[in-house]
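# Breakdown of the fold
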Amino acid sequence: MGTPAAPERRASDGDARAGWTVWGLDASVVVDDPADLAVARGLAEDELAAVTAACSRFDADSELSRLNAGPRPADGVVLSPLLAEFVGVALQVAADTDGAVDPTLGADLDALGYDRDFAQLLAGPGGPAVTISVAGPRRAGWRRTELCGRVLRLPGDLRLDLGATAKAHAADRIARRIQHATGRGALVSLGGDIATAGPAGGRRWEVLVQDLPGDPAQQISLPPAAGLATSSTQKRRWQSDGVTRHHIRDPRSGLPAEPVWRSVSVAARSCLAANAHSTAALVRGRSAAALLSAAEVDARLVAADGAVVTTGRWPREVRS
């Protein structure tokens, strides 16, 4: 669900870490006190199971899959509280990014061949054989979608994909739950999308920001109640119609965004906010750095040639 980069937690003395795989991605939790690790992992796994049951586009039995399959009554569908929350978050991000991050691209992703879990997508011989047809500019689906309370009105030609926001929002939720349960600090990473939690003024978390081996790397520190997300055009690639595709879509066409940037990393007050900015930046391409700078977003953009551009308060690398 979504495109992470791979920042890695550098453990400090006394920290405890648990890692596993979910949604075809590496997941982990890190806590200050080893005594809290079992509780933290249990909370994370419970949360992820609930999010999968509600929001997975690849699980045929999930609430989202049933919604997408239709039919949908004209007066709307009543969603569960959890799915309503995640759909509401996705639609708010669409509004905040002026549609650069659009949750109504499920049908477009299916047409590009991304219609199953990514590990299964790569397992087929040579990837899926898909013929792409582009009729012209795409109508903004998020503007035609309405959520009122828990009642969703989704036009019949649209299918939802929450991958651009659900992973980051889940990381934020898990980090907060761990803090509430233990009273101490925690770091949660879902495929490299990171959320931290802990008492105000608590410890900072050291994180290595790097997309693929060989890409420029930088170590930064995150305070409690913060998020870090890296969106990438280098990962989650597959073949369709003889063309290599990646999963970051330009909502104007429904096709993969032009790979101006290898990756964009953003630090913000939540993983959700960081992911919204990083994903929108890949979609916006050449204008992304100027827009992030104007909005005073703390970001690090790695261009196709490996050049690094930073905006906001992102620490510039010190060279000796």
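This section reports on the structure supplied with the text.

The rules we used
Residues numbered from 1 in each chain as written. Predicted model: local features only at pLDDT ≥ 70, side-chain atom pairs only at ≥ 80, totals over all residues. Heavy atoms only, no water. Helix = DSSP H or I, 4+ residues; strand = E, 2+ residues; numbered from the N terminus. Buried < 20%, exposed > 50% of the residue type's maximum accessible area, 1.4 Å probe, protein only. Contact = heavy atoms within 4.5 Å. Areas by Shrake-Rupley, 256 points an atom, 1.4 Å probe, with all protein chains shown as cover. Axes fitted to C-alpha atoms, helices over the stretch in contact; angles between N-to-C directions. Parallel < 35°, antiparallel > 145°, perpendicular 65-115°, else oblique. Left-handed = near helix turned anticlockwise from the far one by under 90°. Nonpolar A, V, L, I, M, F, W, Y, C, P; charged D, E, K, R; others polar. 1 Å grid on protein atoms, 1.4 Å probe; cavity = no way out; pocket = protein on both sides within 12 Å on 5 of 7 lines; lining within 4 Å. Points joined across faces, edges and corners; volume = space filled by probe spheres on them. Pairing = 2+ DSSP bridges. Polar contact = N/O pair within 3.5 Å; in protein donor to acceptor, adjacent residues only side chain to side chain. Phe/Tyr/Trp six-rings, centres within 6.5 Å; stacked < 30°, edge-to-face > 60°. Lys NZ or Arg CZ within 6 Å of the ring centre and 35° of its normal. Salt bridge = Lys/Arg side-chain N within 4 Å of Asp/Glu carboxyl O.

### What to know about the overall build of the protein chain
Looking only at helices and strands, one finds 8 helices and 18 strands in the protein chain. Burial status across the protein chain gives 55% buried among its 320 residues. The long-range share in the protein chain, meaning contacts at least 24 apart out of those at least 6 apart in sequence, stands at 63%. With an accessible surface of roughly 13,800 Å², the protein chain has 51% of that area assigned to carbon and sulfur atoms.

### A few points about the packing of helix H3 (residues 81-96) against helix H6 (residues 166-182)
Two numbers describe a pair of packed helices, the interaxial angle and the distance between the axes. Here H3 crosses H6 at 120°, and the two axes come no closer than 10 Å. When the axes of H3 and H6 are compared, the pair comes out oblique. Regarding H3 and H6, the two cross each other, and that crossing is right-handed. Residues Leu82, Glu85, Phe86 and Val89 of H3 pack against Ala166, His169, Ala170 and Arg173 of H6. Its residues assigned to classes, the contact of H3 with H6 shows 5 nonpolar, 1 polar and 2 charged.

### Focus: empty space enclosed by the protein
All told, the structure shown has 2 cavities of 30 Å³ or more when counted by the stated rule. Of the pockets and cavities examined, the second largest cavity occupies roughly 40 Å³. Lining of the second largest cavity is provided by Val209, Gln210, Asp211, Asp215, Pro216, Thr230, Ser263, Ser265, Arg300 and Val302. In terms of residue class, the lining of the second largest cavity is built from 3 nonpolar, 4 polar and 3 charged.

### As for the packing of helix H1 (residues 37-55) against H3
The geometry of H1 relative to H3 is characterised by a closest axis approach of 9 Å and an angle of 80° between their N-to-C directions. The pairing of H1 with H3 is recorded here as roughly perpendicular in orientation. Contacts from Ala50, Val51, Ala54 and Cys55 in H1 reach Leu82, Leu83 and Phe86 in H3. Within the contact of H1 with H3, the residues separate by chemical class into 7 nonpolar, no polar and no charged.

### Things to note about the sheet that holds strand S6 (residues 151-153)
Strand pairing in a sheet is mediated by backbone hydrogen bonds. Such pairs are either parallel or antiparallel. With respect to topology, 3 strands assemble into an open sheet ordered S4-S6-S5, the strand pairing being antiparallel. The sheet is open, and its two borders are formed by strand S4 (77-78) and strand S5 (146-148), each paired with just one other strand. Two strands pair when backbone bridges link them, and S4 and S6 are joined in this way by 2 bridges, in the antiparallel orientation. Across the sheet, the residue bridging to valine 78 is valine 151, located in S6.

### Re the sheet that holds strand S18 (residues 308-311)
With respect to topology, 8 strands assemble into an open sheet ordered S2-S3-S7-S8-S11-S16-S17-S18, the strand pairing being antiparallel. Looking at strand neighbours, the two that pair on one side only are strand S2 (16-22) and S18, the edges of this open sheet. Pairs of neighbouring strands in the sheet enclose a mean axial angle of 10°, with direction left out of account. Note that strand S16 (residues 261-268) and strand S17 (residues 298-303) share 6 bridges and pair antiparallel. Among the inter-strand pairings, serine 265 is bridged to a residue of S17, identified as arginine 300. Where H1 meets the sheet, it contacts S2, strand S3 (25-31) and strand S7 (186-190), and its direction lies at approximately 20° from that of S2. Lying on the sheet, H6 is in contact with S3, S7 and strand S8 (193-197); it crosses S8 at an angle near 25°.

### Description of the side chain of arginine 300
Checked against the element boundaries, arginine 300 lands in strand S17. For arginine 300, a relative accessible area of 2% corresponds to the buried category. There is a polar contact of 3.2 Å between the side chain of arginine 300 and the backbone oxygen of proline 216.

### Here we look at the environment of alanine 304
Assignment of secondary structure puts alanine 304 in the loop between S17 and S18. On the basis of relative accessibility, which here comes to 51%, the residue alanine 304 falls in the exposed class. C-alpha of alanine 304 to C-alpha of arginine 262: the two residues are 42 residues apart in sequence and 5.2 Å apart in space. Leave out the neighbours within four places in its chain, and alanine 304 touches Pro259, Val260, Trp261 and Arg262.

### Comments concerning the packing of aromatic side chains
All told, the structure shown has 0 aromatic pairs when counted by the stated rule. Positioned above the aromatic ring of tryptophan 205, the side-chain terminus of arginine 203 is 3.7 Å from the ring centre.

### A short note on the pattern of salt bridges
Across all of its chains, the model carries 15 salt bridges by this definition. Between arginine 184 and aspartate 36 there is a salt bridge, with the nearest N and O atoms lying 2.8 Å from each other. With arginine 184 in the loop between H6 and S7 and aspartate 36 in the loop between S3 and H1, this pair connects stretches of sequence that are 148 residues apart. Among the residues examined, arginine 184 registers a relative accessible area of 34% and is labelled partly exposed. With its nearest N and O atoms 2.9 Å apart, the salt bridge here joins glutamate 45 to arginine 41. With glutamate 45 and arginine 41 both in helix H1 and 4 residues apart, this pair spans about one turn of that helix. We classify glutamate 45 as partly exposed; its relative accessible area is 33%. Connected via shared salt-bridge partners are Glu47, Glu85, Arg173 and Arg177.

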